[in-house]
Amino acid sequence: MLNVVIFGPPGSGKGTQSEKIIEKYGLTHISTGEILRKEINAGTELGKLAKSLIDNGQLIPDETITEILNKKLDSLTNTKGVIFDGYPRTVDQAVTLKKILNDKGQDVNIMLNLEVEKDELIERLLERGRISGRSDDNLETIEKRIVVYEERTAPVIDFYKQEGTYQPIKGSGSIDEIFARIAAVMDNII
Ligand code: B4P
């Protein structure tokens, strides 16, 4: 089993690069952002809570996200491994993920950190907001998301540095250039 965490600030290309990783390495994609957006579209209780937090640039509480993750992991059969996209987003979530995987005799094997400058993040997310109309891709919410990232999510980097699985990736350039950097790191490890 290969467990890969794809990490980075909002707009760093986690979802975009996950698609390419899945295609090449046949991993199963778990995107907490995508799961939450499905709940929002279905109008569930969880979706209502998620919408109010996401539109305000805030994170969903750790316990709620962990419940979602556990459900998703339990539903997996016959997988070569998982790409965790958008999870963990807090140190507590990173500790929880380690516990969940350790209980199955597994661990996170690679943590890919996409490094992108703030100006470029804002530009990409504003562009997506114009095209897709995602309600959290407006300037006010994007700026809040970046602050929340710096305060609550960036400390996850130190956790994986200590674990010895941390791999920084230059996240600017074309989608294919960035993927070539990711593939070089992954091919070296697996
Ligand atoms: P996510 O869906 O994870 O949103 P994101 O951080 O914006 O990343 P995403 O993967 O969508 O975008 P990408 O960088 O690929 O989360 C949404 C919200 O859900 C969070 O803010 C939070 O509230 C909540 N949430 C999710 N998980 C949670 C958790 N674990 N705990 C608590 N709350 C949680 O791409 C961005 C744009 O850039 C795209 O338009 C793409 O086309 C473009 N792009 C990508 N690569 C590019 C490149 N190389 N050049 C130019 N543009 C590029």
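Note that the structure is predicted; figures quoted are calculated from it, not measured.

A. Quick look at the site of the ligand. Taken together, 28 residues are adjacent to the ligand, and Gly-13, Thr-32, Arg-37, Gln-58 and Arg-145 come closest. Interatomic distance of 3.0 Å between a side-chain N/O atom of Gln-93 and a nitrogen atom of the ligand. Considering the ligand on its own, with 1000 Å² of exposed area, one finds that the protein chains cover 87% of that surface. Listed by contribution, the elements that provide at least two residues to the shell around the ligand are α1 (14-25), α2 (32-42), α6 (118-132) and α9 (175-189).

B. Up close: α9. Its 15 residues give α9 an end-to-end C-alpha distance of 21 Å, which sits within 8% of 21 Å, the value for a rise of 1.5 Å per residue. Listed as buried for α9 are Ile-178, Phe-179, Ile-182, Ala-183, Val-185 and Met-186. Buried residues of α9 fall within an arc of 165° about the axis and therefore sit on the same side. Of the residues in α9, the exposed ones pointing more than 90 degrees away from the buried face are Ala-184 and Asn-188. Where α9 is buried, its residues touch β1 (2-7), α1, β4 (110-115), α6 and β5 (166-170).

C. Local environment of the UniProt feature "binding site: AMP" (unreviewed entry) in the protein chain. As recorded in UniProt, the feature "binding site: AMP" (unreviewed entry) lies at Thr-32, Arg-37, Gln-58, Leu-59, Ile-60, Gly-86, Tyr-87, Pro-88, Arg-89, Gln-93, Arg-134 and Arg-145. Maximum C-alpha separation among the annotated residues is 25.0 Å over a sequence range of 114 residues, too wide for a single clustered spot. With respect to the helices, strands and loops of the structure, Arg-134 is situated in the loop between α6 and α7 (139-153). Beyond its immediate chain neighbours, meaning those up to four positions away, Arg-134 contacts Arg-37, Arg-128, Gly-129 and Arg-145. For Arg-145, the location among the structural elements is in helix α7. Taking the relative accessible area as the measure of exposure, Arg-145 reaches 12% and is therefore buried. Excluding its chain neighbours within four sequence positions, the residues that come into contact with Arg-145 are Pro-10, Gly-57, Leu-125, Arg-128, Arg-134, Asp-136 and Asp-137.

D. Region of interest: the UniProt feature "binding site: ATP" (unreviewed entry) in the protein chain. UniProt marks Gly-11, Ser-12, Gly-13, Lys-14, Gly-15, Thr-16, Arg-128 and Gly-173 with the feature "binding site: ATP" (unreviewed entry), using the numbering shown here. Mapped onto the secondary structure, Ser-12 falls in the loop between β1 and α1. With a relative accessible area of 2%, Ser-12 lands in the buried category. Apart from residues lying up to four places away in sequence, Ser-12 is in contact with Phe-7, Leu-114, Val-116, Leu-121, Arg-124 and Gly-171. From its side chain, Ser-12 meets the backbone oxygen of Pro-9 in a polar contact 2.7 Å long. Secondary-structure assignment places Arg-128 in helix α6. Accessibility expressed as a relative area gives 31% for Arg-128, which makes it partly exposed. Beyond its immediate stretch of four places on either side in the chain, Arg-128 contacts Gly-133, Arg-134, Asp-137 and Arg-145.

E. Representation of α1 in the model. With 12 residues, α1 extends 16 Å between its outermost C-alpha atoms, agreeing within 8% with the 16 Å of an ideal straight helix rising 1.5 Å per residue. If you check which residues of α1 are buried, you get Lys-14, Gln-17, Ser-18, Ile-21 and Tyr-25. Angular distribution of buried residues about the axis of α1 spans 110°; they occupy a single face of the element. Of the residues in α1, the exposed ones pointing more than 90 degrees away from the buried face are Glu-19 and Glu-23. In the core, the buried residues of α1 are packed alongside β1, β2 (28-31), β3 (81-85), β4 and α9.

F. Geometry of the packing of helix α4 (residues 62-74) against helix α5 (residues 91-103). Between α4 and α5, the shortest axis-to-axis distance is 11 Å and the interhelical angle comes to 30°. When the axes of α4 and α5 are compared, the pair comes out roughly parallel. Every pair of crossing elements has a handedness; the one defined by α4 and α5 is right-handed. Across the interface between the two elements, Asp-62, Ile-65, Thr-66, Leu-69, Asn-70 and Leu-73 from α4 touch Asp-92, Gln-93, Thr-96, Leu-97 and Ile-100 from α5. Here the contact of α4 with α5 is composed, by residue class, of 5 nonpolar, 4 polar and 2 charged.

Reading guide: rules and limits
Residues numbered from 1 in each chain as written. Predicted model: local features only at pLDDT ≥ 70, side-chain atom pairs only at ≥ 80, totals over all residues. Heavy atoms only, no water. Near = heavy atom within 4 Å. Polar contact = N/O pair within 3.5 Å; in protein donor to acceptor, adjacent residues only side chain to side chain. Areas by Shrake-Rupley, 256 points an atom, 1.4 Å probe, with all protein chains shown as cover. Helix = DSSP H or I, 4+ residues; strand = E, 2+ residues; numbered from the N terminus. Expected span 1.5 Å × (residues − 1). Buried < 20%, exposed > 50% of the residue type's maximum accessible area, 1.4 Å probe, protein only. Arc of directions from axis to C-beta. Contact = heavy atoms within 4.5 Å. UniProt positions renumbered as here; feature names shortened; annotations may be inferred. Axes fitted to C-alpha atoms, helices over the stretch in contact; angles between N-to-C directions. Parallel < 35°, antiparallel > 145°, perpendicular 65-115°, else oblique. Left-handed = near helix turned anticlockwise from the far one by under 90°. Nonpolar A, V, L, I, M, F, W, Y, C, P; charged D, E, K, R; others polar.

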